[in-house]
Structure formats: C-alpha cells, structure tokens
2 protein chains.
Amino acid sequence: MNNLDKWLKNSVGEGKKIVSGNSPKRSFFKRRPHAKHPNHKKQAPHASKHPSLRIIPLGGLEEVGKNMTVFEYGRDIFILDMGFQFPEDDMLGVDYVIPDISYLEDKIDRIRGIFITHGHLDHTGGIPYFFPKLGNIPIFGTKLTMGLVRKRLEEFGYAKVAKLNTIDPDETLRLGCFTLNFFRVNHSIPDGVGVIIDTPQGKVVHTGDFKFDFTPADNKLADFSKIAALSGQNVIALMSDSTNALNPGHTVSEKSIGKTLDDIIKNTPGRIIIASFSSLIGRIQQIVSSAIKHQRPIYVSGRSMVDNIEIATKLGYLSYPKGTIRDIRKYKNHGDPNALILTTGSQGEAVSALTRMAAADHPHIKIKKNDTIVLSSSPIIGNEKAITATINNLCYLGANVISNNIMDVHTSGHGKKEDLKLMLSLVKPKNLIPVHGLLYMRKAHGQLGIEMGLKEENIIYADNGSVIEINNEKVKLKEEKVESKYVIVDGLGIGDTSATVIKERQEMAENGIAIVLFKADKTTKKLIKTPMLISRGFLYLKETDKIEKEIVTESKKAYEALLEKDPKASWDDLKKFVAGSIARNAHKQLDRRPLVLPIIVTG
Amino acid sequence: MNNLDKWLKNSVGEGKKIVSGNSPKRSFFKRRPHAKHPNHKKQAPHASKHPSLRIIPLGGLEEVGKNMTVFEYGRDIFILDMGFQFPEDDMLGVDYVIPDISYLEDKIDRIRGIFITHGHLDHTGGIPYFFPKLGNIPIFGTKLTMGLVRKRLEEFGYAKVAKLNTIDPDETLRLGCFTLNFFRVNHSIPDGVGVIIDTPQGKVVHTGDFKFDFTPADNKLADFSKIAALSGQNVIALMSDSTNALNPGHTVSEKSIGKTLDDIIKNTPGRIIIASFSSLIGRIQQIVSSAIKHQRPIYVSGRSMVDNIEIATKLGYLSYPKGTIRDIRKYKNHGDPNALILTTGSQGEAVSALTRMAAADHPHIKIKKNDTIVLSSSPIIGNEKAITATINNLCYLGANVISNNIMDVHTSGHGKKEDLKLMLSLVKPKNLIPVHGLLYMRKAHGQLGIEMGLKEENIIYADNGSVIEINNEKVKLKEEKVESKYVIVDGLGIGDTSATVIKERQEMAENGIAIVLFKADKTTKKLIKTPMLISRGFLYLKETDKIEKEIVTESKKAYEALLEKDPKASWDDLKKFVAGSIARNAHKQLDRRPLVLPIIVTG
C-alpha cells in the first residue's frame, strides 16, 4: 500500500471534532471533505503521478525569529505560523523584520488557513502586517494563542473583521487537502502545540517551539502518547525546533525554577522586583502563588505584562483571588515595604519598566538600598550589553541583583540536546528537517539525528525560501528558491533592506554627513559665491574651523577645475566630481568617511 | 611605630636592583632617594601631619577597559596603566575611548613615571594618544609588555623618542616617593605583574589583571611567596581585578586547554584553523608545539597575530624551530591539506582574517567542506551577534566549527571567585578596593571580601574620577571628584561624547536626515521658488513621491504663515519654525523622527 492509499484510508479517530478552513468547495465541520478534493478524484497506484508536497519556509531558518512555513499541495496551501523578528544590529532604525510573502501574492485564493502553534511574537508578530493582504483567511490556534493574536489585531484595528478560530488540541483541523492533528508540548508560554500534518504525500510532523518538562508549572505534560504513537505511523519528515541544539542535557523544569523563586520570595527581606518575559504565564503563576503564600502584595508594571496577565486571567491560564494583583499606579499610595513587583524589561529594552527603574526614571518605583531585583530571564543574543548596563545601574542605586548566573531563576522554553533526542526517539521520522534557528544550530541538531541513526542524506538543511519537495516518500531540496528577502517595518512604512535607506543610515551613523552648498550662475555655471559646508555628525567642535575652510577651498578648486577643463560639464558631472574631492579630503585629513552631499543652487 | 615611621625605616632587600623614574631631584639608581624627598624632611610622629596618599582611578571602574590609575602623594605622581576601551554601542563611528587626563594637565611636571602591568590594549592602548602631552615621562614594564608598547608607539612614530624602560619583576622601582616592587601573576598574556606600592602612608597592592594557574603554559607560577609575605606587612589596601567576580570556582588552567587542543590537532583529519587572541602567547605556544608534534605545517593570518608572534619570538616568549611558522601568503602555493592555520577574528571583528574567511573573501584561505575551525576564545560582551554570524557563515561553507560551548578550548585570563579569595587570603589587606569592571562586578568581588571577614566599611567602591584618600591607615572616599568623561578617538581626531556629533549620528542612524532647501528674496524674505526636499536614509522608494510633496507643501505653508504673522522674523526664526513643521509631519505620517535641516538660500 503506497503512501497515498494509506492516506486515503486514514480515517479520523472516534470522537474527534473536525473543523475546516477556507475552501470554496467545502463547508465547515464537514466530516470527510478530503474525499471530494479534486486531486483525489483520479486515484493512482503510484504517488509519483500526484503532485509533490511542497514545504517552503519563508522565515525562521536564517535567524531566530519570523517563523513562517508554507505547505502546498496541488491547489491547496496552508501556512504554519507568521512571526516577526527584531532587527539585526546593522538594520538601523528598523522596528521589526517580517517574512517576505511575495511568493504567496498570486496564490491568496488558494490559502485554506493559517495555523499558529503558540502565542509568541516570533510566531504571531507578522499577522497584523499581512492582514490587509490576507485578511479573510481564517486563523486557527489554541485558546491562549488566539487570545494573544486577537489582542495584537485589536491594536491594529483588525480584530473585528479577522476570522479567528480557537481549536482544542484534541480536535482535527481540515485545511484543504491537509488534515492537521495536534499534540501538546511544553514551552515558555502555555497552550503550545506541535502539529501532525497528513497530506496526500504522507505524514509530516512539526514540533513548534518545544521542550519536555516532566513537572511543568501548569501540570500539563506534553502529549507523550500522541507523540509516541507517531513512531508507528511512517512519519516522512520531522520538522523540529533547533534553538537549543547546541546545549547539552535536558532543559531544567519550570517547577524547579519556581522552587528557587519561592525561596527568594520567602526569605528575602524588603521589596522584591522580578523582571521576566510577559508571556511566561507559568512562571508568573508560580511567582503570584508564592507571593500570596508569603503574604506579599503584588503589583504589576509594564504594558505587555499588564496586558498578558489580563488575557491569561480572562482565559483561565492564571488564577489568584480577585484583587490580589494590583496595577503599579496604585503602589505610590500604599508604599508596602513588603511588596512583590512583577515587571517587564529583563532584556534591558530602552523603554521598559525595569530600565526606567534602573535609570531612576520610573514614575512609581524608586529603587532604594536593599531592594532585591530578580532577572528571571536569560539574555537574548545581542542584548547582553543593554542588560549589564541595567544591572549596573541598579547596583548604583543600591539594589541587590539576582540573575540567572547567580541562582537558577530562569529556564529556557526550548529543548536541549536530550529533549531533541527524546523527540526523535518518540517520532522515529524517516527524515529530519531541523527548523527554528541559524544553520549552525540546525547543523548541531542534524548531528544528533545522525548520532541516532539517520543518514546524512536524511537530514535536510533548508534556507528561507527553499522548496522542500516530498514525493513518494522521498524528501528533496529543489534547486529553485522563492523570494525571501528581509522585509522591514520602519515606523508606519514597510520597505526592504535592499533599499539604499539603510545603507545611507549606516554611512551617516559612522561619520555623519557633509553637505556642501554651491551657488552658481544658471548659464555659465560659474560659482557666484564661495561654497558653504554644512555638516551634521561629522566634525567635533575643536577641529571645525580649519577643516571647514580646507574642505570648502578644495571643493571650490575641484568645481572650477572641472568647469575649466570641460565647460559643458553637466550639473550632475559637477556634483559627482566635487563629491569625490570632498570625500577624499575628509578621509585624508580625518580618516573619516561621511556621507557627502553637494547641492548646487542657481541664481 | 606608626605607618610613616615604618615606611621610613623600610629598607630595600639585599641584592635588588633599584631603578627610578623621572625626578629632577634624583638620579637613576640612587639607593635611598626617598630620604631626600621634600615631604620627608620634616618628619613628624603622626602621619596625619603628612599629606594623604591620593589614589585616583581615571578609568576601568565603569567599564571593562581603559584602565588607568593615578597615585599622588605631595608633589609626586605616578600612573599605573594607560589603556583604551572599545566604544559602547551608542558611540556611533567612534574607534576607541580613552581616559580623560584633564586632571593631570597642570601636573605633568610632577609625574615621575608610568608603570604598565601587562601588554593588553586595555592597559596600554591610551599611551600613543597621550604621548604628545606626556611624551618625556619614562614608561616602565616587563620585557614583553615594553616590547608591545614599543610596537604601538612605532605605529604612531613615537618609538624613537619615548623613554621605555624594561624592568625585571625582581627589581625595585623608585618613582618619586613611591617604591614599587612586583610579583608575577598568571594572565592571558605572559609577563603580567601585580605591584606592591610603598608610600609614606603605607603599603597598597594592585593585582593588575590576574588569575592563579598552577599549570600555566609557560610553567611560570605566580610569585606565591612574595604575595603571601604581604599578609605580614600591613597592606592598607588591595586593589584587585574584578572581571570574573561573578563566576564561581577556579579559572581552568591553560595546560588543560592545551590538552584539549592537542587532542583536536592530533585526531582531526584535514585542515584546522584556530582563531584566538593574538596576545595569548601561552596558547599560541601550545598550539604551535602540538602542530609540530603532529607534523602539521603552520601558517599565520591576521596582522596582529603576525606582529605579536614576531615580537614574542624575538623576546624569547615563543620558541619553535626556525621556519616552522609561515606567513599565510606562502600558503597558496603549498595548499597543504594538513595545515594548521592560526588566525585572528575570534570576536567576529568586521575586518579580521576569520570574518573574511567566513565571508569567502580571504585572499589565501577558501573554506571548504571538512575544514575544522576552532574558536579558542570566548565572546567579549557585545560581540555575541557578530560571532554567531561568523560561525553561521562558516557552517554555510561546510566547515565544522568548535567553540568553547562545545569543548573546553578556551579559558579566561581573569581569576574567578576562588582565585579572588585566594588572593585575599594571601595578602590579608585591611581594605579591599575592587577594580577593573563595572560596579555590579565589583560588588560581587566586595561580597567575597565580606564573606572572608572584611567589614562593609572596608570595601571601597570608587568610580572613575573618585579620589580615594589614605591617611593614617584610614581609607576614605572623598566627596570631590576629578573630571573623567569619556574621551573618544574618531579617525584622526579626539573629541568627547558630550559633543553633539554623536547625538546627530544617533538621530541620523535612526531615521536619516531631511533637508529642505528654501530659496527666498534677500530683502522681503518671500519664497522665490517652491522648496525642495533632499533626504538621505529617511524615505523608502515606494513612499517617496507622496510624502515628499506633503512635506514640501507643509513646510512652504509654515514658512509663509510665520512670515505673514511676523514679517520681521529672522532667518533663524524661519528655519526653526519650518524645522518644527517638517519634524511633526514626518512623525505624523511615518512615525519616524529624522534629523531635520532647513537651508535658506537667498537670490
């Protein structure tokens, strides 16, 4: 029995509710819509006569962030996750980076639905930016995930028109010819799931972000039985989270972190301020429970922390007696010396609550001697300097700072080597496609696969824009690539990094700008006045006069020299020529390379 | 017997050679010059009648880098170290940061000498920048340290005129009223020493950068006997390296790293490229010895690696059969498949050899499948992203990358908690002044002091520019502070961060520049032409036309509105007014804040 026949025979388990996505040909809640799919009408003994399954990661393979994967079979497409990424160091002034959806632009009517594995921004953050284009496509996810997506869409004014659908992990979701089943995983946010994707070309499993936690904060274990059952189901490819593939051992359990925090909350005299990620609902629950147990009033600071606690409470993911958690604005009047303050800013973000406290600039909290600050987090690569600056500032204010390198006050949401091996052992896939992370992380993951018996050719390293083709149980990386450039969000605009904008910012960031203003006769082009240098970010006060004169003199000379040599020189020729002279002069005299901008005014 | 009397009685040990620094009143090699010092003529029974010893750190306490400390007693001053620092993230376009020596500017004739503890740039890098001001002051240090300082000064053309003096750690150095003795320490560069400073107000010990390594690469142990003898000598204050004060345990021995590297060099098939710090001479010796043992030809790439190997070899700190180490330029012709290549670039520095190899842009090395690259280093805070980008690029080229989180291929040059405690145990100081590192690191160091029995008031946390006063065995932090701003080196110029230059660069880096050019009548000030917007780094192609028009229209309106309201408005008033309008417009329409620059031309 080939793979396609197996798939056609594959019936949905008893008692499962089935929900379906966009499809002009199918209505919601229809039991076996796949039998009616055009691709299945002509059944053939060999799968090779059928279209290939195409898996196209549009993001998440060349960065930690902007996860988004397209699954395509015949005329059916569904999208898994739609995240954004924070900009790289050299993307000056950029707010976010989102995946490039050029590939989808002429295929929008074929997209049957979007499934979101969990509520983190690197899996959801792109949604509002794509909404104007993909607006009427239904979005599916578990309860908390959809609550957070709804909140984001509200901020952009799209929540009312969006088709948001909450699914239970035990439901089956039908999106065109794709049948999706789910298994709970542990992660640093509740309600994360992995996805079992049944396709006419066989079964593909995507873990989403995951770890295995035997004692998770919410006591909800990963769905081991569902995952283990996969080992007998001929999984063609496992797409698995590689974020921690370089880290040995098992990821520490959330409850063990909770114990450490409970000790701190119990035994530390005075005020305690705990900074953590606002989506770490399990951590927040443990902190809140400890604070209640040890009779500390709880206050919350930081917009995302307030928002997420509100959503999680409303949806039943956080529980505490009503009125226990208070807004920080109420703190001023109380002044509880025993308070526990939950806040954002564990990454040293410029405008966050903790950073403002550290800069003695928070409207409600003035850090004082003997305050204890716990950074219940670990640095995201690139934030190290900002975090140490925050810690250092807190020290200056007299606070005692506990971070993860002092005590175990944080654990990752991603599985380490042993967790990844456990997943491979449970699923026993034919092929491993390491996802989520840069190549060097994915290679470390692939290495684990090889150690466990997979062959080199069964590990697939794709890039953003790669086309992974599955046909007749063979997984191949196609030569073709779809567009997958970095699309940037800058203020209210969307651009791309190929634009000269970023390059110009880099030049000006390095050595400023030197503008030389020429006034010339309209017809003879001869200079009417001595040129003027206007510069920004280029010259230090002390050096200004001498250098200014030199640059002006040299650019005047250059202008006149060219005009003499070639009286027909165009305005552009003249500008180009003097620009070269100014640049050479700045470099020779100061070893700096400002952006040079000659302006010629006639009159 | 009070401290001063003890000091006056203190005779120099037998067999020691004494060298002295600058002093118009004293000649070199005089035996007891301190007896003739003006401050000692009027001997008094109580030290309080004598000047205080003043210790003024000008750098190294609010950063990791630019270490420099001034010791001042009466009219005598000596300087310990003179480093630079790499710029912080927000110092755009800045090459280095150097200490602020304003305090010394009117005291240059009182500076008796400069002592350098070891040859790292955070202890030596400032020298060439201060040389024009401090040129004729003698500089002292051990052999390798002076070799490296000489090389730096050569690059600036100062080597011939500088007074460089090599001392042996067993010599005694007299600098004005200060008597300096030395003890060898272990560090990540050979020839590092700590300094015992005898002053009329007692003994102060400065560790320099240090760790204790019981099996160092060069087999030279720290001078335990000299250090331990200090415990009986009433050390008033210990100034001790805090870089690793947050890290538990002992720092791993260099030889243990050598063993791991030897295993790799022995057992890895194919080419091996090892990137490390060029000043890690002990590491380089171990790698070179292993390569010779396992018959791998050795090539060196990267300017600082080539330079340092040359200096260390010449001075006897590296040994290998002549001709064993070859320049990378010779590699091309050989093409040895078995080669070991030593290179710089372990921090992902933009122009370094390894970064160029990773970008497939190195003139001699093309990375290929099965090359093994070892990063024998650890990330300096802030370099994490650049390093992971380099590792990732190497992976794309097919290389196998071994970094310190995979195997123990690097150890720090700074002592961890247990090393710091050992130093405290050996010296038994009355007071601890944690130095080298930000406050949060120094507080961790102070905490160790308290655990070992020092009282809170005996731990002194100074800042850059603080004045630490020692008088009659009391150590006090004065209220006064001397100037200690960040002085920046940018190309060939020196400025300071208070300059608007950096702020302008930050603005332009974020959202570019919007220049609006107005042409107005000289006398009526009325606009002659429609204004023109010239922008750089501000607008993405797609949005240009519409936004440009809008900004031009609005700034024209603003100009004319002000002129109508106040026909006497000055050119400056007009510029300021339209600048405000342009800024508001850019923010409203694009949520961006470019640097706005209106230019009015008359004609």
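Quick notes on the rules
- Residues numbered from 1 in each chain as written.
- Chains lettered and ligands numbered in written order.
- Predicted model: local features only at pLDDT ≥ 70, side-chain atom pairs only at ≥ 80, totals over all residues.
- Heavy atoms only, no water.
- Helix = DSSP H or I, 4+ residues; strand = E, 2+ residues; numbered from the N terminus.
- Buried < 20%, exposed > 50% of the residue type's maximum accessible area, 1.4 Å probe, protein only.
- Contact = heavy atoms within 4.5 Å.
- Areas by Shrake-Rupley, 256 points an atom, 1.4 Å probe, with all protein chains shown as cover.
- Lys, Arg positive; Asp, Glu negative; His and termini not counted.
- Charge placed at Lys NZ, Arg CZ, Asp CG, Glu CD.
- Least-squares fit on C-alpha atoms with pLDDT ≥ 70 in both.
- Domains from an automatic or database assignment.
- Buried area = accessible area lost by both parts, 1.4 Å probe.
- Salt bridge = Lys/Arg side-chain N within 4 Å of Asp/Glu carboxyl O.
- Polar contact = N/O pair within 3.5 Å; in protein donor to acceptor, adjacent residues only side chain to side chain.
- Patch = residues over 30% accessible without salt bridge, like charges linked within 9 Å, V, L, I, M, F, W, Y side chains within 5 Å.
- Pairing = 2+ DSSP bridges.
- Axes fitted to C-alpha atoms, helices over the stretch in contact; angles between N-to-C directions.
- Phe/Tyr/Trp six-rings, centres within 6.5 Å; stacked < 30°, edge-to-face > 60°.
- Lys NZ or Arg CZ within 6 Å of the ring centre and 35° of its normal.
- Parallel < 35°, antiparallel > 145°, perpendicular 65-115°, else oblique.
- Expected span 1.5 Å × (residues − 1).

Novice: Can you walk me through the overall build of chain A in this structure?
Specialist: Counting secondary structure elements, chain A contains 17 helices and 27 strands. Per-residue burial over chain A gives 60% buried out of 603 residues. Pairs at least 24 apart in sequence give 73% of the contacts found in chain A among residues at least 6 apart. Carbon and sulfur atoms form 51% of the exposed surface of chain A, whose accessible area is close to 24,600 Å². In chain A, 85 positive and 68 negative side-chain charges are present, and the distance between their average locations comes to 4 Å.

Novice: Just checking my understanding: could you explain the relation of the copies chain B and chain A for this structure?
Specialist: The two chain copies are connected by a rotation around an axis plus a translation along it. Mapping chain B onto chain A calls for a rotation angle of 180 degrees and an axial translation of 0.1 Å; the resulting RMSD is 0.1 Å. Here the transformation between the copies is reduced to the relation of a two-fold axis. The position closest to the rotation axis in chain B is occupied by the C-alpha of A509(B), lying 2.3 Å away. Comparing interface residues between copies, 100% of those in chain B also sit at the interface in chain A, which points to an isologous, same-surface contact.

Novice: Honestly, the domain arrangement of chain A in this entry has me stumped. Any pointers?
Specialist: How big an interface is tends to be expressed through the accessible area that disappears when the partners come together. Residues and elements named next belong to chain A. What the domain assignment reports for chain A is domain 1 (3–24 + 52–249 + 413–490), domain 2 (254–402) and domain 3 (498–602). Taking the mean C-alpha position of each, domain 1 and domain 2 sit 32 Å from one another. If you look at the interface, domain 1 gives 18 residues, while domain 2 gives 15 residues. Approximately 1,400 Å² of surface area, both sides summed, lies buried where domain 1 meets domain 2, with 62% of it carried by carbon and sulfur atoms. Broken down residue by residue, the surface that domain 1 buries against domain 2 is led by K143, L144 and A217, which jointly contribute 31%. In this structure, D307 engages K151 in a salt bridge whose closest nitrogen and oxygen atoms are separated by 4.0 Å.

Novice: Teacher, can you tell me more about the interface of chain B and chain A here?
Specialist: Taken together, the 68 residues of chain B in the interface contact 68 residues of chain A. Summing the contributions of chain B and of chain A, the shared interface buries around 5,500 Å²; its carbon and sulfur component is 61%. Scanning the region where chain B abuts chain A turns up five salt bridges. A salt bridge links E88(B) to K385(A); the nearest nitrogen and oxygen atoms lie 3.4 Å apart. At the boundary of chain B with chain A, the tally comes to 24 residue pairs in polar contact (both at pLDDT 80 or more). Sort the elements by how many residues they give to the side of chain B that touches chain A and helix α15 (residues 500–511) of chain B lands first, with eight residues.

Novice: Explain a negative patch on the surface here, please?
Specialist: On the surface, a cluster of negative charge is contributed by D89(A), D90(A), D89(B) and D90(B). Along the chain, D90(A) turns up in the loop between β4 (76–80) and β5 (96–98). Residue class for D90(A) comes out partly exposed when judged on its relative accessible area of 46%.

Novice: Which parts of the structure should I look at to understand the sheet that holds strand β27 (residues 595–602) of chain A?
Specialist: Working definition: the strands of a sheet are paired by backbone hydrogen bonds and lie parallel or antiparallel to each other. All names here are of chain A. Pairing in this open sheet of three strands is mixed, and the strands run β26-β25-β27 from one edge to the other. A strand with exactly one partner marks an edge of an open sheet, and here the two such strands are β26 (532–536) and β27. Looking at each pair of strands side by side, their axes are set apart by 20 degrees on average, direction ignored. Each of β25 (513–520) and β27 touches helix α17 (residues 571–590); the most contacted strand, β27, lies at about 140 degrees to it.

Novice: What should I look at first to understand the sheet that holds strand β8 (residues 164–166) of chain A in this one?
Specialist: All names here are of chain A. The strand order across the open sheet built from eight strands is β8-β7-β6-β4-β3-β2-β21-β22, with neighbouring strands paired in mixed fashion. The outermost strands of the open sheet, each flanked by one partner alone, are β8 and β22 (474–481). Neighbouring strand axes in the sheet, compared pairwise and without regard to direction, differ in orientation by 25 degrees on average. As judged from the six bridges shared by strand β2 (residues 53–59) and strand β3 (residues 68–73), these two strands associate in the antiparallel manner. The residue bridging R54 from the neighbouring strand is E72, located in β3. Sheet strands touched by helix α5 (residues 143–155): β7 (139–141) and β8. Its angle to β8, the strand with the most contacts, is close to 160 degrees.

Novice: What is the right way to read the pattern of salt bridges from this model?
Specialist: Oppositely charged side chains can pair when the atoms bearing their charge come close. Residues and elements named next belong to chain B. Per the stated rule, a full pass over the model turns up 61 salt bridges over all chains. For D263, the salt bridge goes to K259, with nearest N and O atoms at 3.0 Å. Taken together, the residues span about one helical turn, with D263 and K259 both in helix α7 (residues 254–267) at a distance of four residues. With a closest N to O distance of 3.2 Å, K485 and E483 form a salt bridge. Overall, K485 belongs to the partly exposed group, its relative accessible area being 30%.

Novice: I keep staring at the pairing of strand β11 (residues 193–199) of chain A and nothing clicks. Help me out?
Specialist: Every other side chain in a regular strand lies on the same face of the sheet, so the side chains alternate between the two faces. Residue and element names in this part refer to chain A. Across the seven residues that make up β11, a large majority, seven, are buried. Of the two faces of β11, the one carrying V193, V195, I197 and T199 and the one carrying G194, I196 and D198 are both buried. Sheet topology note: the strand β10 (residues 178–184)/β11 ladder contains six bridges and is antiparallel. Within β11, the position partnered with N181 by the bridge is I196. When β11 meets strand β12 (residues 202–206), the two strands line up antiparallel, connected through five bridges. Each bridged residue has a counterpart across the sheet, and for I196 the counterpart in β12 is V205. In sequence, β11 turns back onto β12 through a hairpin of two residues.

Novice: How do you make sense of the packing of aromatic side chains when you look at a structure like this?
Specialist: Given two aromatic rings, one states the distance between the centres and the angle between the planes to describe the pair. Enumeration over the complete set of coordinates arrives at 30 aromatic pairs over all chains. Aromatic side chains F71(B) and F78(B) sit 4.8 Å apart centroid to centroid with 10 degrees between the ring planes, which places their arrangement in the stacked category. F78(B) carries the same exposure label as F71(B), and that label is buried. Aromatic side chains F518(B) and Y559(B) sit 5.3 Å apart centroid to centroid with 20 degrees between the ring planes, which places their arrangement in the stacked category. Here Y559(B) lies in helix α16 (residues 544–565) and F518(B) lies in strand β25 (residues 513–520), a separation of 41 residues in the sequence. Judged by relative accessible area, F518(B) falls into the buried class, the value being 1%. One aromatic cluster is present, formed by F84(A), F86(A), Y96(A), Y129(A), F131(A), F156(A) and Y158(A) through successive ring pairs. The aromatic ring of Y103(A) is capped on one face by K107(A), whose charged end is 3.7 Å from the ring centroid. Over the ring of W571(B) we find K525(B), and its NZ or CZ is 5.2 Å from the ring centre.

Novice: Teacher, can you tell me more about the environment of P297(A) here?
Specialist: Residues and elements named next belong to chain A. Note on placement: P297 falls in the loop between α8 (281–293) and β15 (298–301). Accessibility expressed as a relative area gives 15% for P297, which makes it buried. Among all residues touching P297, those that are not within four sequence positions of it are R326, D336, N338, A339 and L340.

Novice: Help me out: how do you make sense of the side chain of S276(B) in this one?
Specialist: All names here are of chain B. Checked against the element boundaries, S276 lands in strand β14 (residues 272–276). Overall, the relative accessible area of 4% leaves S276 in the buried class. Side-chain polar atoms of S276 contact the backbone oxygen of S376, separated by 2.8 Å. In this view, S276 contacts R283, M305, T343, T344, S346 and S376; residues no more than four positions away in its chain are not counted.

Novice: How should I be thinking about the packing of helix α15 (residues 500–511) of chain A against α15(B) in this particular structure?
Specialist: What describes two packed helices is the angle between their axes and the distance between those same axes. Between α15(A) and α15(B), the least distance of the axes is 8 Å, while the angle of their chain directions is 170 degrees. Put simply, α15(A) runs roughly antiparallel to α15(B). Taken together, the residues of α15(B) that come into contact with α15(A) (itself represented by R505(A), M508(A), A509(A), E510(A) and N511(A)) are R505(B), M508(B), A509(B), E510(B) and N511(B).

Novice: Looking at this structure, how should I read α17(A)?
Specialist: Because the α-helix completes a turn every 3.6 residues, residues three or four places apart line up on one side. With 20 residues, α17(A) ought to run about 28 Å at 1.5 Å a step, and its terminal C-alpha atoms sit 28 Å apart, in line with that. Those residues of α17(A) lying buried are L574(A), V578(A), A579(A), S581(A), I582(A), N585(A), A586(A), Q589(A) and L590(A). On its buried face, α17(A) sits against β25, α16 (544–565) and β27 of chain A together with β23 (487–490) of chain B.

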